[in-house]
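Structural overview
Here is what each chain is made of, one letter per residue.
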Amino acid sequence: MAKTFKNFIGGVWVAPTTGQYFDNRNPADTTDLIGRFPDSGAKDVAAAVRSATEGFAVWSRTPAPARGDILRRVGDLLVARKEALANAMTREMGKVLAEARGDVQEGIDTAYYAGAEGRRLFGRTVPSELRAKWAMSYRRPIGIAGLITPFNFPMAIPTWKMFPALVCGNSVIIKPSEDVPHTVHQLVEILLEAGLPPEVIQLVHGRGQTVGKPLVEHPSVSVISFTGSTATGSVIGETCGRLHKRLSLEMGGKNAMIVMDDADLDLALDGVLWGAFGTTGQRCTATSRLLVHRKVHDRFVTRLADAAADLKLGDGRDPKSQVGPLIHEASRSKVERYVGYGLEDGATLASGGKRSGGGRFAHGYFYRPTIFVGVKPNHRIARQEIFGPVLSVIRFNTYAEAVRINNDVAYGLSSSIYTRNVALAFKALRDLDNGITYVNAPTIGAEAHLPFGGVKQTGNGHREGGWEVYDFYSETKACYIDYSGTLQRAQIDNYDH
Ligand code: NAD
């Protein structure tokens, strides 16, 4: 009998007011039911907001170093449970175990970074233009942060949002992806065990339309942070614009790896296999376009197609598996649809292009790693996000052409270039229009202490990770203290001659 899970609202685990639940199943084996999770509604969101308002009153007055201490303890608990969390994550999300461990590790890194940041939420002291007057700035908590997360990084992405929001003194309401609710359930248990006052965190499970939407629209939720598809982000952006909310959007990608004619091809081969097929292509930073210089194109593509055909599909908990399943049937059907578009538009399949069904794949959403060659920059598979194990190979003649192709898409998250030419590597850092560029490494592999995010339709100018995210979750107040005992007028008294 599968367990029935609850929301965490008002300091207690509670059933949803709707009385409805949804099933959470293993995407590698859908006969494996992980649990039933609340299919909550707007009333649950409203109760979460009431509790988070109380939580904010307490937490915003808790000294930032003390808030940081709790996050450090969260880091310690994540370390102690890393293996169990990774196993549970693979069971609900499908990524292979090594990657699930990496996902938890990113949460650990983010916890320790945030813990230390509790002692480093600096303001500035600056000279005043007037005599006997002090001028300084400091950071204040904002209020309730509403966090909406996708399925592909069940631990890392919630922690990227939650930990900085908490250290900055905000209370939090999180709505995790309905595809991976179990990981965040465990994360909230850990936060409570670490000593977070219960009203500071609320967990409301459910769907985008019935929980995400009311959360975004609630007038008392002043900050929204969303990671997910560009289509959903556009809707959320409109609402937040209308309601004057602070909003961070992290959305889709169409990331390219460029292989120059002087590249180390062995290195590039390892890189593209990992970048394109790691997490079954379900990373916002996944390599979905491979731009190869004509001089090395044919050689490289032959080796790549052979290597992709050798990749072992399977349950991510099996150590022999290199590629897990897709998250659900809708995702696999989307991949299939795009494989159809690739053929219709005139590209050629070099590897994959089909489901893996039958036998041990019978109850999972498996799809063979797929490579198209002869892709043109205007093909749909070269322009639109597929979010699956499909790589589009485009041949180019010059560096300038490769840059043009890289930049000529709606998205701008990650890019990469393989070359031995140092000058060209630095030119690429300047020319590639993305939030992240790698040299001699694939488009994936962000580190928790660097800013993460993209340009154009990938984001809205904010960054997660690193030092920048702490600005997003706090308000800066400028403070002036005049101890002259007379009225001093800025911009006037010093210049009134
Ligand atoms: P999705 O947009 O379908 O869902 C993301 C979250 O939004 C889920 O929790 C969902 O329930 C919620 N949601 C859906 N409709 C909503 C609405 N109207 N109002 C409020 N919330 C709503 O995305 P997904 O399929 O879970 O994730 C895949 C997408 O996420 C890809 O496009 C990928 O590129 C993107 N992504 C981006 C980054 C990044 O940092 N740029 C990282 C990971 C994933």
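Structure first, text after, so check above.
Residues numbered from 1 in each chain as written. Predicted model: local features only at pLDDT ≥ 70, side-chain atom pairs only at ≥ 80, totals over all residues. Heavy atoms only, no water.

1. Thoughts on the overall build of the chain
Summing up its helical and strand segments, the chain has 15 helices and 22 strands in all. The C-alpha atoms of the chain give 24 Å as radius of gyration, which agrees with the globular expectation for 497 residues (23 Å, within 12%). C-alpha atoms of the chain, sized along the principal axes, occupy 80 × 70 × 40 Å. When burial is assessed residue by residue, the chain has 56% of its 497 residues classed as buried. Considering only contacts within the chain whose residues lie at least 6 apart along the sequence, 74% involve residues at least 24 apart. Summing over all exposed atoms, the chain offers an accessible surface of approximately 20,400 Å²; the carbon and sulfur share of this is 52%. (Helix = DSSP H or I, 4+ residues; strand = E, 2+ residues; numbered from the N terminus. Rg over C-alpha atoms; globule rule 2.2 N^0.38 Å. Buried < 20%, exposed > 50% of the residue type's maximum accessible area, 1.4 Å probe, protein only. Contact = heavy atoms within 4.5 Å. Areas by Shrake-Rupley, 256 points an atom, 1.4 Å probe, with all protein chains shown as cover.)

2. Considering the pattern of salt bridges
One pass over the full model with this rule turns up 29 salt bridges. For the salt bridge of Glu 178 with Lys 175, the shortest nitrogen-to-oxygen distance reads 3.3 Å. When its relative accessible area of 27% is taken as the criterion, Glu 178 is described as partly exposed. According to the relative accessible area criterion, Lys 175 is buried, its value standing at 3%. (Salt bridge = Lys/Arg side-chain N within 4 Å of Asp/Glu carboxyl O.)

3. Side note on the site of the ligand
The full set close to the ligand counts 28 residues, and Glu 178, Ser 229, Met 251, Cys 284 and Glu 385 are the nearest of them. In the model, an oxygen atom of the ligand is placed 3.4 Å from a nitrogen or oxygen of the Phe 151 main chain. Within the side chain of Thr 232, an N or O atom sits 2.9 Å from an oxygen atom of the ligand. Taking 860 Å² as the accessible area of the ligand by itself, protein coverage stands at 88%. Counting only elements with at least two residues in the shell around the ligand, the list comes to α7 (208–217), β11 (221–227) and α8 (230–243). Of the residues contributing to the shell around the ligand, the split by class is 12 nonpolar, 11 polar and five charged. Shared between two domains, the shell around the ligand holds at least three residues of each, these being domain 1 (3–251 + 459–478) and domain 2 (255–439). (Near = heavy atom within 4 Å. Polar contact = N/O pair within 3.5 Å; in protein donor to acceptor, adjacent residues only side chain to side chain. Nonpolar A, V, L, I, M, F, W, Y, C, P; charged D, E, K, R; others polar. Domains from an automatic or database assignment.)

4. So, the pairing of strand β8 (residues 144–148)
It is a general feature of regular strands that their side chains alternate between the two faces of the sheet. The buried fraction of β8 amounts to five of the five residues, a majority that puts the element mostly inside the structure. Residues of β8 alternate between two faces, with Ile 144, Gly 146 and Ile 148 on one and Ala 145 and Leu 147 on the opposite face, all of them buried. Note that β8 and strand β9 (residues 171–175) share five bridges and pair parallel. Residue pairing in the sheet places Gly 146 in a bridge with Ile 173 of β9. Handedness of the crossover is the feature at issue here: the chain leaves β8, passes through helix α5 (residues 156–167), returns alongside β9, and the resulting connection is right-handed. The pairing of β8 with β11 spans five bridges and is parallel. Looking at the pairing, Ile 144 lines up with Val 221 of β11. (Pairing = 2+ DSSP bridges. Right-handed = clockwise from strand over helix to strand, strands pointing away.)

5. Some details on unusual backbone geometry
Located in the positive-phi region is His 244, a residue other than glycine, with phi close to 55 degrees. Summarising the element assignment, His 244 is placed in the loop between α8 and β12 (246–250). With a phi angle near 55 degrees, Thr 280 is a residue other than glycine that sits in the positive phi range. The topology assignment puts Thr 280 in the loop between α9 (265–277) and β14 (287–293).

6. Section: the sheet that holds strand β6 (residues 124–127)
Reading across from one edge, β6-β7-β22 is the order of the three strands in this open sheet, with antiparallel pairing throughout. The sheet is open, and its two borders are formed by β6 and β22 (475–482), each paired with just one other strand. Sheet twist, expressed as the mean angle between neighbouring strand axes with direction ignored, is 20 degrees. In the sheet, β6 pairs with strand β7 (residues 133–140) via four bridges, with the strands oriented antiparallel. Opposite Thr 125, over in β7, you have Met 136 as the bridge partner. (Axes fitted to C-alpha atoms, helices over the stretch in contact; angles between N-to-C directions.)

7. Points about the environment of Thr 30
Looking at where Thr 30 falls in the secondary structure, it is placed in strand β5 (residues 29–38). Residue Thr 30 is classed as partly exposed on the basis of its relative accessible area of 22%. The sequence separation of Thr 30 and Pro 219 amounts to 189 residues, and the corresponding C-alpha distance is 39 Å. If we skip the residues at most four places from it in the chain, Thr 30 touches Arg 25, His 363 and Tyr 365.

8. Describing the sheet that holds β5
Hydrogen bonds between backbone atoms are what pair the strands of a sheet, whose relative direction is either parallel or antiparallel. Within the open sheet, the three strands sit side by side as β1-β5-β4. Their pairing is mixed. Each edge of the open sheet is held by one strand with a lone partner, namely β1 (3–4) and β4 (21–26). Direction of pairing for β4 relative to β5: antiparallel, over a ladder of six bridges. Bridged to Arg 25 within β5 is Leu 33. Lying over the sheet, helix α3 (residues 82–93) contacts β4 and β5, oriented at roughly 105 degrees with respect to β5.

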